[in-house]
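Here is how the chains run, residue by residue.
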Amino acid sequence: MNMSKPAVLPQHIAIIMDGNGRWARRRLLPRYAGHRAGLSAARATIESCVRHGVPVLTLFAFSSENWQRPQTEVGSLMELFLGALETEVQNLNANHIRIRFIGALDGFAAALQEGMRRAQQLTRENTRLTLNIAVGYGGRWDMLQAVRRLAADVAAGRISTPDIDEVHFSNALALAPVPDPDLFIRTGGERRISNFLLWNLAYTELYFTDTLWPDFADQELDAAIRWFAGRQRRFGLTPEQRGGTHV
Ligand code: FPP
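Report follows, based on the coordinates. Just so it is clear, the model here is predicted, and its values are computed rather than measured.

1. Comments concerning the nonpolar core
Grouped together as the largest cluster of nonpolar side chains are 39 residues, with contacts concentrated most on Ile-13, Leu-57 and Ile-185. For this core, the element with the highest residue contribution is helix α3 (residues 71-94), accounting for seven residues. Sequence-distant contacts of Leu-57, defined by excluding residues within four places in its chain, comprise His-12, Ile-13, Ile-15, Thr-45, Ile-46, Cys-49, Leu-129, Thr-130, Leu-131 and Asn-132. One finds Ile-16, Phe-60, Leu-175 and Phe-184 within the second-largest nonpolar core, a separate group that totals 14 residues.

Have a look at this one:
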C-alpha cells in the first residue's frame, strides 16, 4: 500500500457505510450477506486508519431509523453485531484501539448492551485509535438528549441558562470529548447526512462516493484523505484571515 503521507491528515473521520443491501442484491445474495461483507470493509478501514495514523474514526453502524427495517433484517444485523463483539474486540484491544458506542443503547437486547459495556471497559485505556461505533444513533436524538441533560443541570443549579454556550452543548453530546470530524465520508451514492452527527458536522469536509460500502477499499480511503488535504477550510472566515489551506 502507498504510505506516502498527505500534507494534512484528518484527525477524525466519520463514515456512513451505505450500500450493503445493493452490493448483495447485485450478487443475488440475501441482504445479511451484504452486511457481513460490510463488516469486513469496516475491519479493513479501521486497519487503514491505524496505518495512516488517524486518531479517531466514527462509524455509523445502525441508525435510530434502522429499527423500522423488516424484523428479519434487524435480527440478522443484531446477530452480526453480537458475533462481532465476541470475535473482534480482543483483536481491536490487542491493536490498542479504544472502542466507544454512541447512541440510544438501552434499545438493544441485554446481551448486546452487556457486550458493548464490556468492550468499552476493556479498551478504555487504549490510545492508538478511538473507534466510535454509532448504534441506535440519530443526530436529533443526540441533540435532544444533550438538551435534557443541560436542562437537568439548570434545574439542579449546576449551571445557569445564560452560561450555556457551544462548549457546554458539545460536551453534552454523545461524541464528547473527541473533537468534531474533519472528514465525513458517505459511500453508496446518496448525498445526504441522514441524521448522522448533525451538530458535529457543522464545519466538516463532506466526501461522497458511489462505491458501495463492501467495495470500499484502502485506495478509496487514501483518495478521500488526499482530497481532504487539498480542501481549504475557512470556518466562515476569508482565505486571507485563515492564511491558506488547512489552518
Ligand atoms: C447500510 O447499507 C448499512 C447498514 C444499515 C448497516 C451497517 C453495518 C455494517 C457495515 C456491519 C457492521 C459494522 C460494525 C462496525 C459493527 P444498506 O443496507 O442501507 O444498503 P442499501 O442502501 O444498498 O440497501
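So much for the structure itself; the text now carries on.
2. Brief notes about the pattern of salt bridges
By the definition in use, this model includes 12 salt bridges. Salt bridges here are not isolated pairs; linked through shared partners, they connect Asp-18, Arg-22 and Arg-186.

3. What about the packing of aromatic side chains?
The geometry of an aromatic ring pair is captured by the separation of the ring centres together with the interplanar angle, meaning the angle of the planes. Enumeration over the complete set of coordinates arrives at 13 aromatic pairs. Aromatic pair Phe-60 and Tyr-137: ring centres 5.9 Å apart, planes at 80°, arrangement edge-to-face. A residue pair is termed long-range when its members are at least 10 positions apart, and Phe-60 in strand β2 (residues 56-63) and Tyr-137 in strand β4 (residues 129-137) qualify at 77 residues. Assessed through its relative accessible area of 0%, Tyr-137 is described here as buried.

4. Let's talk about the site of the ligand
Surrounding the ligand, one finds 17 residues, the nearest of these being Asp-18, Gly-21, Arg-22, Arg-31 and Arg-69. Residue Arg-22 places a main-chain N or O atom 2.7 Å away from an oxygen atom belonging to the ligand. Its atoms largely coinciding with the cavity grid, the ligand occupies the largest pocket. Of all elements in the fold, only α1 (20-26), α2 (31-52), β2 and α3 reach the threshold of two or more residues within the shell around the ligand. Ranked by residue count, the leading element in the shell around the ligand is α2, at four residues. Among the residues making up the shell around the ligand, the classes are represented as seven nonpolar, six polar and four charged.

5. With respect to the layout of surface pockets
Of the pockets and cavities examined, the largest pocket occupies roughly 890 Å³. Taken together, 41 residues line the largest pocket, and the ones lying closest to its centre are Met-17, Phe-60, Ala-61, Phe-62 and Phe-81. Per-element tally for the lining of the largest pocket: the top contributor is α3, with eight residues. In terms of residue class, the lining of the largest pocket is built from 25 nonpolar, eight polar and eight charged. Approximately 250 Å³ is the volume attributed to the second largest pocket. Forming the boundary of the second largest pocket are Leu-82, Leu-85, Glu-86, Val-89, Gln-90, Ala-111, Glu-114, Gly-115, Arg-118, Ala-119 and Leu-122. Elements with a contribution of two residues or more to the lining of the second largest pocket: α3 and α4 (110-123). Per element, the largest residue contribution to the lining of the second largest pocket is six residues, and it comes from α4.

6. What to know about the packing of α2 against helix α7 (residues 218-229)
In the contact formed by α2 and α7, the axes pass within 10 Å of each other and the chain directions differ by 50°. One element, α2, and the other, α7, form an angle in the oblique class. In the crossing of α2 with α7, the sense of the turn from one axis to the other is right-handed. In this structure, α2 contributes Ala-44, Thr-45, Ser-48, Cys-49, Arg-51 and His-52 to the contact, and α7 contributes Asp-218, Leu-221, Asp-222 and Ile-225.

7. Description of unusual backbone geometry
Between Ala-176 and the following residue, Pro-177, the backbone shows a cis peptide bond with an omega angle of 10°. Along the polypeptide, Pro-177 turns up in the loop between α6 (166-172) and β5 (183-186). At Leu-28, a residue that is not glycine, the phi angle is positive and equals roughly 55°. With respect to the secondary-structure elements, Leu-28 resides in the loop between α1 and α2. Backbone geometry places His-96, a non-glycine residue, at a positive phi of 65°. Among the structural elements, His-96 can be located in the loop between α3 and β3 (97-102). In this structure His-96 comes out as partly exposed when scored by relative accessible area, which is 43%.

Calculation criteria
Residues numbered from 1 in each chain as written. Predicted model: local features only at pLDDT ≥ 70, side-chain atom pairs only at ≥ 80, totals over all residues. Heavy atoms only, no water. Core = buried A, V, L, I, M, F, W, Y, C linked by side-chain atoms within 4.5 Å. Buried < 20%, exposed > 50% of the residue type's maximum accessible area, 1.4 Å probe, protein only. Helix = DSSP H or I, 4+ residues; strand = E, 2+ residues; numbered from the N terminus. Contact = heavy atoms within 4.5 Å. Salt bridge = Lys/Arg side-chain N within 4 Å of Asp/Glu carboxyl O. Phe/Tyr/Trp six-rings, centres within 6.5 Å; stacked < 30°, edge-to-face > 60°. Near = heavy atom within 4 Å. Polar contact = N/O pair within 3.5 Å; in protein donor to acceptor, adjacent residues only side chain to side chain. 1 Å grid on protein atoms, 1.4 Å probe; cavity = no way out; pocket = protein on both sides within 12 Å on 5 of 7 lines; lining within 4 Å. Sits in = over half its atoms within 2 Å of the grid points. Nonpolar A, V, L, I, M, F, W, Y, C, P; charged D, E, K, R; others polar. Points joined across faces, edges and corners; volume = space filled by probe spheres on them. Axes fitted to C-alpha atoms, helices over the stretch in contact; angles between N-to-C directions. Parallel < 35°, antiparallel > 145°, perpendicular 65-115°, else oblique. Left-handed = near helix turned anticlockwise from the far one by under 90°.

Geometric values such as these leave the question of function open.
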